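# Architecture at a glance
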Amino acid sequence: MSKRKVLLMGKSGSGKTSMRSIIFANYIARDTSRLGPTIEVEHAHVRFLGNLVLHLWDCGGQETFMENYLQNQKDQIFKNVQVLIYVFDVESREIERDYRYYQSCLESLLANSPNAKVFCLIHKMDLIQEDHRDQTFDEKKRDILRLSEAGAGGKDKASEVVQCFKSSIWDETLYKAWSAIVYKLIPNVHAIEAKLANFTEVVEASEVLLFERATFLVIAHAEVSEQNKDVHRFEKVSNIIKQFKLSCSKMGSQFEQVQVKNDQFAAFIEAFTPNTFIMVVLAGPGSASVSATTILMNIRLARKHFERLEEAGAA
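Residue positions are given per chain, counting from 1 as you read along its sequence in written order. Only residues with pLDDT of at least 70 get local features here, since the model is predicted, and only at 80 or more are side-chain atom pairs given and counted; chain-wide, interface and lining totals rely on the full set of residues. Where side-chain values are given, they derive from all heavy atoms of the structure, hydrogens and water being excluded.

Looking at an unreviewed UniProt entry, one finds the protein named GTP-binding protein, with Mesorhabditis belari as its source organism. Per UniProt, the comment on the protein under Sequence similarities (unreviewed entry) is "Belongs to the GTR/RAG GTP-binding protein family." UniProt positions are given in the numbering used here, feature names are shortened, and annotations may be inferred rather than shown by experiment. Recorded in UniProt for the protein, the comment headed Catalytic activity (unreviewed entry) runs: "GTP + H2O = GDP + phosphate + H(+)".

Encoded structure:
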């Protein structure tokens, strides 16, 4: 199996364990209030896309633990890391301390794992008034990138290593951030995207999305033209279908397929490979008249090609 070490860090109460539980343990947002604080480091091995295993290190954010990570456990915590996810509570009253810990973690990470990628999540954005969210996020992002310059070795290097996302457990922003994270961890994602683009042309679709089966995170997509103005549409679909899938499970049913049509579009969501679901979208007048049997047949014919890609990525 191919393993990827992922560090999840940030101050205590920032929401690290809640987001991990929603993405990987099928929690819904309101149930995360039952979760207690993380003590020291919680380890979780999450199978993703079959033979890719994410080794998640959920690091407790209390001051004592953070000091210990940075002083006594630096080599153990920050060695062989592929991704660091640092979570900032957008309403933290100790933001200077948060920034100081982040900068120290970044320096330790790049000293021990120089090729690691860093994702900074500005979390709990639902607590900010909607018309102020973009401004608040931009200010936090600017501060984080400025702090990252010293550890990463300059402004240009910092922008390559560090990416920032706004997030909340109550909306699709959480899926957008985590989709971007896992995208960086998939070994042959570009080969998957190339095949998906070919498939999109063959079936004359407007857009095709590939979801990881368990989490419903978007791992690849292809579109004929950028006509859709909703930049959050992928994550909205992830969120909606994940909730529908959980509802099916509670009723003792297995989710396999969804079809949605109106006068202007048709969408088909189908179980694809053993580790993925696929969504094919046809847009424009006449889309609803396209034979569902034809689309589903094309999906099934393409299945073996994508199964081979998954096997190649795991080798």
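### Some words on the overall build of the protein
Only DSSP runs of H or I reaching four residues or more are called helices, and only runs of E reaching two or more are called strands; each is numbered from the N terminus. Scanning the protein for helices and strands turns up 10 helices and 11 strands. The reference for a compact globule is 2.2 Å times residues^0.38; the radius of gyration itself is calculated from the C-alpha atoms. In terms of overall size, the protein behaves like a compact globule, its C-alpha atoms giving a radius of gyration of 20 Å where 315 residues would be expected to give roughly 20 Å. Seen through its principal axes, the protein has C-alpha atoms that stretch 60 × 45 × 45 Å. Among the 315 residues that make up the protein, the fraction classed as buried is 52%. What makes two residues a contact is simply this: any of their non-hydrogen atoms within 4.5 Å. When contacts within the protein are restricted to residue pairs at least 6 apart in sequence, those whose partners lie at least 24 apart make up 67%. Using a 1.4 Å probe, accessible areas were evaluated by the Shrake-Rupley method; residue-level cover was limited to the displayed protein chains. For the protein, the accessible surface area stands at approximately 15,300 Å², while carbon and sulfur atoms represent 48% of it. Only four residue types enter the tally: Lys and Arg on the positive side, Asp and Glu on the negative side, with His and both chain ends excluded. Each charge is placed at NZ for Lys, CZ for Arg, CG for Asp and CD for Glu. Between the mean site of the 39 positive side-chain charges and the mean site of the 40 negative ones, the protein shows a separation of 4 Å. Burial status follows relative accessibility: with a 1.4 Å probe on protein chains alone, a residue under 20% of its type maximum counts as buried, one over 50% as exposed, and anything between as partly exposed.

### Looking at helix H1 (residues 16–24)
With 9 of its 9 residues buried, H1 lies for the most part within the structure. The complete set of buried residues in H1 reads Lys16, Thr17, Ser18, Met19, Arg20, Ser21, Ile22, Ile23 and Phe24.

### A few points about the UniProt feature "transmembrane region" (unreviewed entry) in the protein
Sequence positions flagged by UniProt for "transmembrane region" (unreviewed entry) are, in local numbering, residues 277–299. Secondary structure over residues 277–299 splits into 35% helix and 30% strand, and the C-alpha atoms at its two ends are 10 Å apart.

### Section: the sheet that holds strand E4 (residues 83–89)
What makes two strands pair is DSSP finding at least two bridges between them. Taking strand neighbours across the sheet as the criterion, the 6 strands line up as E2-E3-E1-E4-E5-E6 in an open arrangement whose pairing is mixed. Of all strands in the sheet, those with a lone pairing partner are strand E2 (41–48) and strand E6 (162–166), marking the two edges. Recorded for the sheet is a direction-independent mean angle of 20 degrees between the axes of neighbouring strands. Bridge count for strand E1 (residues 2–10) against strand E3 (residues 52–59) is 7 bridges, and the pairing is parallel. Of the residues in E3, the one forming a bridge with Ser2 is Leu52. Convention adopted: a line fitted to C-alpha atoms gives each axis, helices being fitted over their contacting stretch, and angles between N-to-C directions are expressed from 0 to 180 degrees.

### Focus: the nonpolar core
Note on soluble globular proteins: their nonpolar side chains tend to be buried together. The term nonpolar core refers to a set of buried residues drawn from Ala, Val, Leu, Ile, Met, Phe, Trp, Tyr and Cys, joined through side-chain atoms within 4.5 Å. Counting residues in each nonpolar core, the largest one holds 55 residues, and the members touching the most others are Phe48, Ile85, Trp178, Leu210, Ile278 and Val280. Sequence-distant contacts of Trp178, defined by excluding residues within four places in its chain, comprise Leu8, Met19, Ile23, Phe24, Ile85, Leu121 and Leu217. In this structure, Phe65, Tyr101, Val118 and Ile144 belong to the second largest nonpolar core, which totals 35 residues.

### Some remarks on the sheet that holds strand E10 (residues 265–271)
Strand order across the open sheet formed by 5 strands is E8-E7-E11-E10-E9, with antiparallel pairing between neighbours. The sheet is open, and its two borders are formed by strand E8 (218–223) and strand E9 (257–261), each paired with just one other strand. Strand-to-strand, the axes of this sheet are offset by a mean angle of 10 degrees, without reference to chain direction. Running over the sheet, helix H9 (residues 233–250) touches strand E7 (207–212), E8, E9, E10 and strand E11 (276–283) and is turned about 50 degrees from E7.

### Comments concerning the state of the cysteines
Two cysteine sulfur atoms make up a disulfide if the distance between them is within 2.5 Å. Per the stated rule, a full pass over the model turns up 0 disulfides. Cysteine Cys164 remains unbridged, with the sulfur of Cys120 as its closest cysteine sulfur at 4.8 Å. With relative accessibility at 10%, the residue Cys164 sits in the buried group.

### Description of the environment of Arg34
As for its placement among the helices and strands, Arg34 is situated in the loop between H1 and E2. Along the chain, Arg34 and Ile22 lie 12 residues apart, while their C-alpha atoms are 13 Å from each other.

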